[in-house]
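# Summary of structural features
Now for the letters of each chain:
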Amino acid sequence: MSADFRPAARAAAAVVALLPLVLAVVWLRTPEAQQQPAEFVAPAISDTGSLEGPRQPIFFRHDIHAGQYQMDCRYCHYAVEVSPYPGLPSMETCMGCHRITGAALPEVQKLREAAGTGQAIEWVKVHNLPQFVRFPHMRHVRAEIACQTCHGPVERMPQVYQYASLKMGWCLDCHKQRQVTTDCTACHY
Amino acid sequence: MSDSWQMLEGEGARINRRKFLKVLGVAGGGAVALSGCAGEPEKLIPYLIAPEDQIPGVATWYATTCRECPGGCGVHAKVREGRVVKLEGNPDHPVNLGKLCARGQAALQGVYNPDRVRSPLARTAGGDFEPISWEDALQRVAERLGSAERGRIWFLTGNEKGTFEQLVREWLSAFGSGRHVVYEPFGYEALRRATLDVFGIDGLPFYHLDEARYILSFGADFLETWLSPVELTRRFTASHAFQNGSMGRLVQVEPRMGLTGMNADEWIAPVPGTEGLVALAIAHVIVRDRLARVPADVSRIRQVLDAHTPEAVAGRSGVAAETIERLAREFTAESSVALPGGVGSQHSQAHASAAAVHLLNYVAGNVGRTVTFAPGYDPSGGSSYRGLADLAAAARNGEVGVLLVHGANPVYASPAGLGFAQAMRQISFKVSFSRFLDETAREADLILPDHDPLEQWNDYEPRPGVYALQQPVMQPVFDTRQTGDVLLELARISGGQAAARFSASTYRDYLMERWRQIQRQVGARGTFEEFWNEALRRGGVWTEVRGRGASLAAGVSRLQFDAWSAPEGSLTLIAYPSSALYDGRGANRPWLQELPDPVTKVTWGSWVEIHPETAARMGVAEGEFVEVSSEAGAIRAPAYLYQGVRPDVVAVAVGQGHTAFGRYAEGRGVNVYGVLGAEPQEFGGIAYYAAVSIRKTGEYERLAKTEGTPRQLGRGIAQATTLAEMLHGEFHPEHTEHAAEVPEHIEEVLEQWQERQYADWRNRGNYAGEHPRWGMVIDLSRCTGCSACVTACYAENNIPTVGKAAVQRGREMSWLRIERYFEGGNGEPFEARVIPMLCQHCTNAPCEPVCPVFAAYHTPDGLNAQVYNRCVGTRYCSNNCPYKVRYFNWFDYQNPADPAFAWPDPLHWLLNPDITVRSKGVMEKCTFCIQRIRGAQHRARMEGIPIRDGDIKTACEQTCPADAIVFGDLNDPDSRVSRLALDPRGYKVLEGLNTRPAITYLARVRNRAEE
């Protein structure tokens, strides 16, 4: 995770340090949260500088969409079951709801403005794999690996950060545990 | 993994190779940071509106038509995220049945060529070009068209048979008529003229090579450029491959052995220009001895045949009378076909030679059987060099007001003596629709760049009955416009009669109008909508046009049969078509420049083929520049000593020597059109033969060739046998040592090692329940050496082109290469052998144990894998590989900042997103297209059905026009590959080294004449 040296970030260092703990608690509670949908309400956030993960051009809140509103990940990441890549929602997908909803929110206004001018939003990539690695999302979804296994509790993340190390040892731990291939060319080619 | 390493560890020291490296790294001060450095954050840019037919990460395929040569093969374009990344043959298409040649594969480097014209250009007062807007450009043309005198608008195109040709004609007539000239440098004027003379038919013959057991070719390069090479390769292999204990026979009569000649069972080299006489002498013998049921009207050519006795012809042609007699008997013993010459035999009497071959087919009763006619068939679209010469003359006389050029580059590809560039300068307004700044576009006043064929709507008729559609497979890369649309727009701007003529507002509408007629013509039922969608899906519509027979024309008895001959004391220059660059239009594709010529294995330049005797007489060594001069001019190129040309012949390929046409083409080699005569020949075409003298210059160049040593030196790499041997017994591998006996205890250890290595892996993931062992069989009796597989491999596997200087140092990266070896010569019959050489995926691979970092290892499914991120570039593996199929990245070919960068923008768009682009210091090699294997395994798992034999095709196998390569699972006893691997012709290369390759080669079979 990239270090942030802005004064605001430094001031919020304590909060950042506590955040994993908070998230861990949230994570442990997730199964219950799923059973009782109405329970989770995404918090209001006034200090975005203290959030983990890279800052995005629009403060898109996975915790509101996937957490509070219980939207299925696949609604936006539509290719994840058939493609190595999960797919990124088109602006049209966003506007499908936001043509009607959230008009008053400043971040939604940014989205509408961009969509109106035909300007695509350049999201910052959070999960980077090296070039020589292939990760077929569809096989993992097919094997019923939850998105959260690698991506963490995205439905509780106001701003998405890289949850797992994504290093080879981390991949292999899981592959060994599940007794699936550990051949190099399963991923490297 | 640690288990498998136990046995490799030393007795006392508990250290393995990986640990050793770790220790070394720390001891060395940790100078190398292996972790990825954090660079600029990557951006993810979403679609504004997601396209309906695209899923990110999943390829979409569109059917369209290849327009790289007049063959007109159907292609499927693989599109990923809106960009075409690979072309493959369309299996439904009647021309190529799913196959594609090297030029077709390289069409990708046309659409993404960095030297494309990116917007309309206008010539400035200073003579340069400046970008202008389309509105401005169209306005300028419309004004000129308006002010041009009636009938003074000329339109020069290449072969555009189909709707575009119709539009050009209609458009010209809408502008008060003008002249349409079709020019293809490799036209068929001679053959067309001969067909008209002999049979009274205007159109070329179809040659049904697959139905002939005996093919007698008088210089036709049908495996390279002639008529429709992919289709003819397939038909040839159908007849000539060794199968079920028999095979056809090919005899090539030509003074220079080209790729087709290399595939012949017998090469006969007559005095240049006399091959027509040989054909007549064979016909003479057939009629004399009544070897065939000779048609009655042959009496009308009695006189001609009588004059050409084998003895008389033997004296002039240098082909012994006994040989002629034997050929006549063989020719009539089974179904046969004789083929007239192509560009490489186009001398001033080429029409007479072709007529002689027609007569030979006629007397042998082949016409109507293996030779049929469909009027109007001409793969050069009725091209005529005489038409071009007329245009040049008219331009000089000031009779051309406006010249529009589309799809032709005559300033490069016509004899220098014609002075087409100077003639163009006499024309006040020239418009080019070229996609590239080629030599002809450079002379234009305005360039209105056309879409690439992969970006446009169009159609093409490669032969009667085949209507092939082109559809845009992606958005245009640059600010170009389809010429059809531009013409319609110009008519609209001009108003009046021109505007009234066309109801279609776009070229696509115009195309669909014509396809309504085609629907009626082919009698397809249903609505037009259904017909159109089905045609788009399939790549076109086709009906079987078999062609018909013919009888002799009235004037046949008056035909003259002269031979061409070089004046005493001079050599004959043969300018032959390049199988990679065609007429030069492929010269700006780096894949084709780096593709070794299938005969000489030279890349990135020109060479002069000289017989070693001639060279010795003159004291010329390989690589010495020689000056070849004719009456028309002189060229200088390095010599290549080749026993496949007669001592009185020198040969140079067409295609190099561009003075424009982009970074890959410019200033490379020589343009052989500089020494060809400019006068149109009697048949209306160019003479590709010239009387020349050659001179030593004393300057040298190291040829950028990949052949290494041209002889096998007893290594038995490319093996061959004869049909007689196959029929009378077993194939005996020549000169090769059998693998040495491996002591039993070693065998046991090896087996145990493998067992332990894979014991648990085999029960996991992709391998659970199935234990494939991937292997390949390559049938050398099918492989022609055409090298389509080589370019397909470049395209599939992101292989960089390295350029001439690196090839000279032996640093080319071709994972798959075609090795070519010569046999005989020096008095013995001279022959060539070819063998595709790629990683053999040895079971006992010498590269694997020497890798200190475990980058080269064996996968559980039998692949010899290379893990790029492990590789540290010691190159031990390459040094230890007996097949020399590992390639090292000496430079950072993938880095835009490196001078060796192989994919300048937008060429990098063609990179296959499914595999890594390797960086400097990494070893790489053939992976058996592992991305295709893993892709198929993913699909099989997702769909829950097992992989069937043939589901996985490697890129080389997929494109091979001869079906020489078969890939599959050796552990499945029913797979094609396991059955073929048991063929009695099977052998492994360098078997004596006990590497146990996964590739089995089937020895080539030569159908030699029985002595």
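Residues numbered from 1 in each chain as written. Chains lettered and ligands numbered in written order. Predicted model: local features only at pLDDT ≥ 70, side-chain atom pairs only at ≥ 80, totals over all residues.

## Remarks on the overall build of chain B
When helices and strands are counted, chain B shows 31 helices and 38 strands. Taking 2.2 N^0.38 as the reference for a compact globule, 1011 residues should give roughly 30 Å; the C-alpha atoms of chain B span a radius of gyration of 29 Å, in line with that estimate. Projecting the C-alpha coordinates of chain B onto the three principal axes gives extents of approximately 95 × 75 × 65 Å. For chain B, the residues scored as buried account for 56% of the 1011 residues in total. Taking as baseline every contact in chain B between residues at least 6 positions apart, the subset at least 24 positions apart corresponds to 74%. (Helix = DSSP H or I, 4+ residues; strand = E, 2+ residues; numbered from the N terminus. Rg over C-alpha atoms; globule rule 2.2 N^0.38 Å. Buried ≥ 20, exposed ≤ 12 C-beta atoms within 10 Å, placed from the backbone. Contact = placed C-beta atoms within 7 Å.)

## Observations concerning the domain arrangement of chain B
Residues and elements named next belong to chain B. Structurally, chain B comprises domain 1 (60–107), domain 2 (121–186 + 381–542), domain 3 (190–373), domain 4 (571–700) and domain 5 (720–1006). Of note, the centres of domain 1 and domain 5, computed from C-alpha atoms alone, are 24 Å apart. With twelve residues of domain 1 at the contact, the number on the domain 5 side is 16 residues. For the side of domain 1 that touches domain 5, the secondary structure elements donating two or more residues are β4 (83–89) and α3 (102–105). Residue contributions to the side of domain 1 that touches domain 5 peak at five residues, all from β4. (Domains from an automatic or database assignment.)

## With respect to the sheet that holds strand β10 (residues 214–217) of chain B
All names here are of chain B. Ordered in space as β12-β11-β10-β13, the four strands form an open sheet in which the pairing is parallel. Two strands in the sheet have a free side with no partner beyond their single neighbour: β12 (266–268) and β13 (336–339). Each neighbouring strand pair of the sheet contributes to a mean axis angle of 15°, computed without reference to strand direction. Where β10 lies against strand β11 (residues 249–253), four bridges are found, and the strand directions are parallel. Its bridge partner being in β11, Leu216 is matched across the sheet by Val251. (Pairing = 2+ DSSP bridges. Axes fitted to C-alpha atoms, helices over the stretch in contact; angles between N-to-C directions.)

## Considerations on the interface of chain B and chain A
By convention, interface size is frequently given as the accessible area that disappears when the constituent parts associate. Counting residues at the interface gives 38 residues for chain B and 38 residues for chain A. For the side of chain B that touches chain A, the secondary structure elements donating two or more residues are β1 (43–44) and α29 (930–943) of chain B. Counting residues per element, the side of chain B that touches chain A draws most heavily on α29(B), at six residues. When grouped by side-chain class, the residues that make up the side of chain B that touches chain A number 23 nonpolar, ten polar and five charged. Two strands pair when backbone bridges link them, and strand β1 (residues 123–124) of chain A and β1(B) are joined in this way by two bridges, in the antiparallel orientation. The residue of β1(B) that forms the bridge with Val124(A) is Lys43(B). (Nonpolar A, V, L, I, M, F, W, Y, C, P; charged D, E, K, R; others polar.)

## Things to note about the confidence of the model for chain A
Chain-level statistics for chain A give a pLDDT mean of 81 and a share of 80% at 70 or above. Within the model, the stretch residues 1–35 of chain A combines pLDDT values under 50 with 24 contacts to residues more than four positions away or in other chains. (pLDDT = per-residue confidence, 0-100.)

## Points about the pairing of strand β8 (residues 178–182) of chain B
Residue and element names in this part refer to chain B. Within β8, four of the five residues are buried, which leaves it mostly tucked inside the rest of the structure. Looking at chain direction, strand β7 (residues 153–157) and β8 are connected through five bridges and run parallel. Counterpart to Leu156 in the pairing with β8 is Val181. Traced from β7 through helix α6 (residues 163–174) to β8, the parallel crossover comes out right-handed. (Right-handed = clockwise from strand over helix to strand, strands pointing away.)

## As for the nonpolar core
Side chains of a nonpolar character, in soluble globular proteins, are inclined to be buried together. By size, the foremost hydrophobic cluster in this structure holds 310 residues, and its most contacted members are Ile282(B), Leu573(B) and Val650(B). Discounting chain neighbours no more than four positions away, the residues touching Val650(B) are Leu571(B), Leu573(B), Val608(B), Glu609(B), Ile610(B), Val628(B), Val645(B), Val692(B) and Ile694(B). (Core = buried A, V, L, I, M, F, W, Y, C linked by C-beta atoms within 7 Å.)

## Some thoughts on the sheet that holds strand β19 (residues 466–470) of chain B
Residue and element names in this part refer to chain B. If you walk across this open sheet you meet the three strands as β18-β19-β20, and the pairing is antiparallel. In this open sheet, the two edge strands, each paired with only one partner strand, are β18 (458–463) and β20 (540–542). Averaged over all pairs of adjacent strands, the angle between strand axes in this sheet comes to 20°, irrespective of strand direction. Examined bridge by bridge, β18 and β19 share four bridges and lie antiparallel to one another. Bridge pairing in β19 links Tyr460 to Ala468.

## Some remarks on the pairing of strand β26 (residues 689–700) of chain B
Residue and element names in this part refer to chain B. In terms of strand pairing, strand β21 (residues 571–576) meets β26 through four bridges, oriented antiparallel. By the bridge assignment, Leu573 is partnered in β26 with Ala690. Of the strand pairs in this sheet, strand β23 (residues 624–629) and β26 are connected by five bridges, and their pairing is antiparallel. Residue pairing for β26: Ser629 is matched across the bridge by Ser693.

## Some points on the packing of helix α5 (residues 134–147) of chain B against helix α18 (residues 483–494) of chain B
All names here are of chain B. The N-to-C vectors of α5 and α18 enclose an angle of 65°; their axes lie 9 Å apart at closest approach. Note on packing geometry: the crossing formed by α5 with α18 is right-handed. Taken together, the residues of α18 that come into contact with α5 (itself represented by Leu138, Val141, Ala142, Leu145 and Gly146) are Glu489, Leu490, Ile493 and Ser494. Of the residues in the contact of α5 with α18, the class split is six nonpolar, two polar and one charged. (Left-handed = near helix turned anticlockwise from the far one by under 90°.)

## Describing unusual backbone geometry
Residue Pro906(B) is reached from Asp905(B) by a cis peptide bond, and omega for that bond is 5°. Relative to the elements of secondary structure, Pro906(B) occurs in the loop between β33 (886–888) and β34 (923–925). The backbone phi angle of Glu144(A) is positive, close to 60°, even though this residue is not glycine. Structurally, Glu144(A) can be placed in the loop between α7 (137–142) and α8 (147–151).

## Structural notes on α18(B)
Residue and element names in this part refer to chain B. Here α18 spans 16 Å end to end across twelve residues, near enough to the 16 Å set by a 1.5 Å rise per residue. Residues of α18 that are buried: Thr483, Gly484, Asp485, Val486, Leu487, Leu488, Leu490 and Ala491. Check the buried side of α18 and you find it contacts α5, α6, β15 (402–406), α19 (496–501) and α20 (507–522). Taken from the residues just after α18, Gly495 is the one with a positive phi, measuring 65°. (Expected span 1.5 Å × (residues − 1).)

## Focus: the environment of Gly667(B)
Residue and element names in this part refer to chain B. As for its placement among the helices and strands, Gly667 is situated in the loop between β25 (649–653) and β26. Look at Gly667 and you get exposed, because 10 C-beta atoms sit within 10 Å. Between the alpha carbons of Gly667 and Ile518 there is a distance of 45 Å; along the sequence they are 149 residues apart.

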